[in-house]
Amino acid sequence: MSERADVVVIGGGAIGSAAAWHLAERGRGVVLLERFTPGHKNGASHGSSRNFNQAYSDPHYVAMLRESLTLWRQLEAETGQSLLETTGIANHGVNPAFDAVHEALNSAGIPAEFLSTVEAGRRWPGIRFDTRVLFTPESGRLNADRSVAALQAAAASRGADVRHGVRVTGVRVLGDDEVAVTFSGTTATSPTSSSSTTTSTVIARRVVVTAGAWTESLLAGVSRHPRLVVTQEQPAHFAVRDGSVEWPGFNHTPGSGGYDYWYSSVYGMFTPGEGVKAGWHGVGPVVHPDERDFAAEPEQLAALRRYASEWLPGVDADRLTPISCTYTTTPDSNFVIDAVGPVTVGAGFSGHGFKFTPVVGRMLADLVAGVPAPALFSLAAARRAGG
Ligand SMILES: Cc1cc2nc3c(=O)[nH]c(=O)nc-3n(C[C@H](O)[C@H](O)[C@H](O)COP(=O)(O)OP(=O)(O)OC[C@H]3O[C@@H](n4cnc5c(N)ncnc54)[C@H](O)[C@@H]3O)c2cc1C
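Residues numbered from 1 in each chain as written. Predicted model: local features only at pLDDT ≥ 70, side-chain atom pairs only at ≥ 80, totals over all residues. Heavy atoms only, no water.

### Overview of the packing of aromatic side chains
Item 1. One pass over the full model with this rule turns up 20 aromatic pairs.
Item 2. Residues Tyr61 and Phe335 carry aromatic rings whose centres are separated by 5.4 Å and whose planes lie at 85 degrees to one another, so their mutual orientation is edge-to-face. Placement of the pair is Tyr61 in helix α2 (residues 59-79) and Phe335 in the loop between β19 (325-329) and β20 (336-340), with a sequence separation of 274 residues. Both residues of the pair, Tyr61 and Phe335, count as buried.
Item 3. Pairing Phe335 with Phe356 gives two aromatic rings, centres 5.7 Å apart and planes at 65 degrees, and the pair type is edge-to-face. (Phe/Tyr/Trp six-rings, centres within 6.5 Å; stacked < 30°, edge-to-face > 60°. Helix = DSSP H or I, 4+ residues; strand = E, 2+ residues; numbered from the N terminus. Buried < 20%, exposed > 50% of the residue type's maximum accessible area, 1.4 Å probe, protein only.)

### Thoughts on the site of the ligand
Item 1. Near the ligand there are 34 residues, and of these Glu34, Ala44, Ser45, Asn51 and Cys325 occur at the shortest range.
Item 2. A distance of 2.7 Å separates an oxygen atom of the ligand from a polar atom in the side chain of Glu34.
Item 3. Within the complex, the protein chains bury 96% of what would otherwise be the 1000 Å² of accessible surface of the ligand.
Item 4. Sorting the residues of the shell around the ligand by element identifies α1 (14-25), β2 (30-34), β3 (50-52), β10 (166-175), β16 (266-271) and β19 as the ones contributing at least two each.
Item 5. Its residues assigned to classes, the shell around the ligand shows 17 nonpolar, 12 polar and 5 charged.
Item 6. Looking at which domains feed residues into the shell around the ligand, each of domain 1 (1-48 + 143-227 + 331-387) and domain 2 (86-141 + 229-329) gives three or more. (Near = heavy atom within 4 Å. Polar contact = N/O pair within 3.5 Å; in protein donor to acceptor, adjacent residues only side chain to side chain. Areas by Shrake-Rupley, 256 points an atom, 1.4 Å probe, with all protein chains shown as cover. Nonpolar A, V, L, I, M, F, W, Y, C, P; charged D, E, K, R; others polar. Domains from an automatic or database assignment.)

### Comments concerning the sheet that holds strand β18 (residues 315-322)
Item 1. The strand order across the open sheet built from 8 strands is β6-β7-β5-β15-β16-β17-β14-β18, with neighbouring strands paired in mixed fashion. Strands with a single pairing partner mark the edges of an open sheet, and in this sheet they are β6 (113-115) and β18. Ignoring strand direction, the axes of neighbouring strands in this sheet form an average angle of 25 degrees.
Item 2. For strand β5 (residues 89-93) and strand β7 (residues 133-136), the ladder comprises 4 bridges, and the chain directions are antiparallel. Each residue of the ladder has a partner; that of Asn91, found in β7, is Leu134.
Item 3. Of the strands in this sheet, β14 (236-240), β15 (249-253), β16, β17 (275-280) and β18 are in contact with helix α7 (residues 298-311), which crosses β18 at around 150 degrees. (Pairing = 2+ DSSP bridges. Axes fitted to C-alpha atoms, helices over the stretch in contact; angles between N-to-C directions. Contact = heavy atoms within 4.5 Å.)

### Overview of the domain arrangement of the chain
Item 1. By the assigned domains, the chain splits into domain 1 (1-48 + 143-227 + 331-387) and domain 2 (86-141 + 229-329).
Item 2. Distance from the C-alpha centre of domain 1 to the C-alpha centre of domain 2: 29 Å.
Item 3. Counting residues at the interface gives 21 residues for domain 1 and 16 residues for domain 2.
Item 4. Here domain 1 meets domain 2 over a buried area of about 1500 Å², counting both sides, of which 49% is carbon and sulfur.
Item 5. Applying the counting rule to domain 1 against domain 2 returns 2 salt bridges.
Item 6. Two residues, Arg167 and Asp290, come together in a salt bridge whose shortest N-O distance is 3.5 Å.
Item 7. By residue class, the composition of the side of domain 1 that touches domain 2 is 6 nonpolar, 11 polar and 4 charged. (Buried area = accessible area lost by both parts, 1.4 Å probe. Salt bridge = Lys/Arg side-chain N within 4 Å of Asp/Glu carboxyl O.)

### Overview of the environment of Asn95
Item 1. Tracing the sequence through the fold places Asn95 in the loop between β5 and α3 (98-107).
Item 2. Residue Asn95 is classed as partly exposed on the basis of its relative accessible area, which comes to 24%.
Item 3. Sequence separation between Asn95 and Thr117 is 22 residues, and the spatial gap between their C-alpha atoms is 15 Å.
Item 4. For Asn95, the side chain forms a polar contact with the main-chain nitrogen of Ala97, separated by 2.8 Å.

Structure (structure tokens):
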């Protein structure tokens, strides 16, 4: 069976759902194809918490932070959902970039202040600080599951055709305004579960590929792209000792001496009903997204428990619940937001894309309309970074 469409978006995670929301708002005929069922846990956009961390100094990201905040509030107003809670984020540890971040944010009108170790410890006794703290009070916590659902609901209310259980099996460029997208209906709930399928094709004027960890396989033969490394990340929720204690989000960068067991910097936040989430950043085992075990690597988990016991006095380091999730990382951790003819690509969000979801969606919708994204996010730049 074959059908025609204006724009097909492949992948209903955060980024694809945001692209569908903006495209539908602009009156484009959008078909969003998502492989798994709503709320699935097989990609990068599930769970109830993500940091809306504002600690960036690059002017592109700082400008995107401002626009993203406005768009998150717009989506909340449009859907009546509470998605972004302002909690503030405490950045601490040995980080030479703090002064540049402080300068960049304040110049852009985003509040950022330094707090002493004592002041920070007084405000947030659940965290141990050993350096000054760069605090961004307007940062916060996003509810990932609710955000993806809200984006898809808002896109659908604007006429987008949102389909779940549809696995795209091929993307073939036929001409400047014609792309054949082959897909099969599937009842699979996870990459390894079996399913019955029917194969179909939709011919689209434009295609947006936002397939997260599966991007490389879908773009093969369509565009030369940078190496995208897929890792299985394993943060965990730790039980809090005292429910009355206030928690900001936090980012902690290691210094020298006493950090030898650290795998990377640590990020975290309080997740209502689940505890305090903490995780290493971008150091999980490299995996194929269809061959995952969803299990926490024991040594990394043990090191994370040690981190919690040494730096998070407000939690019980022995009571934890691991989480499994994928990062798709580019060589320099900058996103890929670009187009090759009728195919637009949003990929490589490198473990820090969720906060920017609505503005990346806007940039992808712009690309479909022929408006380029900043060169920082081009495929060529990412390839260059990969050497
Ligand atoms: C543990 C963890 C913590 C994080 N913390 C933060 C944070 O605090 N702050 C922050 O800003 N960011 C954070 N991130 C990063 C953020 O979550 C991601 O950048 C973002 O979710 C990426 O969204 P995506 O839509 O690109 O990917 P995904 O959500 O993986 O979406 C891709 C979708 O494409 C679908 N798909 C793939 N192939 C096909 C196909 N062939 N046919 C149909 N559909 C297909 C998949 O099923 C999937 O739903 C974190 C990520 C992880 C894993």
